[in-house]
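# Results of the structural survey
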Amino acid sequence: MSTRGVNFLEQWIANNVPETINADGISVDELTHKLTADAKAIGIKRVEIDEEVDSLYRTILDAVVHFDPGLSE
């Protein structure tokens, strides 16, 4: 298990899921690629994130669908 991977994922989603995004396959796919690139840029391997979630795509899709700008961080 990678605490570093899950911490990165949670923080990345909080900072990168804009309230105006559509929950379509293209937007979620683009976010998935961006997350992977951002993680790689700071030395976190995709496997560190994948260990923590069943599907990175579904995790981001869920975050988009359930995004609530009224929630505090």
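What follows covers the pattern of salt bridges. Considering all chains together, one arrives at three salt bridges under this definition. Notably, a salt bridge pairs Glu-48 with Arg-4, separated by 2.8 Å at the nearest N-O pair. Of this pair, Glu-48 sits in helix H3 (residues 46-50) while Arg-4 sits in helix H1 (residues 3-16), and the two are 44 residues apart along the sequence. The exposure class of Glu-48 is buried, given its relative accessible area of 15%. The partner of Arg-46 in a salt bridge is Asp-50, with the nearest N and O atoms 3.0 Å apart. Note that Arg-46 and Asp-50 are positioned in helix H3 at a spacing of four residues, about one turn of the helix. For Asp-50, a relative accessible area of 32% gives the class partly exposed.

Interhelical geometry of H1 versus helix H2 (residues 25-41) gives an angle of 125 degrees and a closest axis separation of 11 Å. Regarding the angle of H1 to H2, the classification is oblique. H2 is crossed by H1, and the crossing has right-handed handedness. In contact with Phe-8, Leu-9, Trp-12 and Asn-16 of H1, H2 contributes Leu-31, Lys-34, Leu-35, Asp-38 and Ala-39. Grouping the constituent residues of the contact of H1 with H2 by class yields six nonpolar, one polar and two charged.

Each value, and the rule that gives it
Residues numbered from 1 in each chain as written. Predicted model: local features only at pLDDT ≥ 70, side-chain atom pairs only at ≥ 80, totals over all residues. Heavy atoms only, no water. Salt bridge = Lys/Arg side-chain N within 4 Å of Asp/Glu carboxyl O. Helix = DSSP H or I, 4+ residues; strand = E, 2+ residues; numbered from the N terminus. Buried < 20%, exposed > 50% of the residue type's maximum accessible area, 1.4 Å probe, protein only. Axes fitted to C-alpha atoms, helices over the stretch in contact; angles between N-to-C directions. Parallel < 35°, antiparallel > 145°, perpendicular 65-115°, else oblique. Left-handed = near helix turned anticlockwise from the far one by under 90°. Contact = heavy atoms within 4.5 Å. Nonpolar A, V, L, I, M, F, W, Y, C, P; charged D, E, K, R; others polar.

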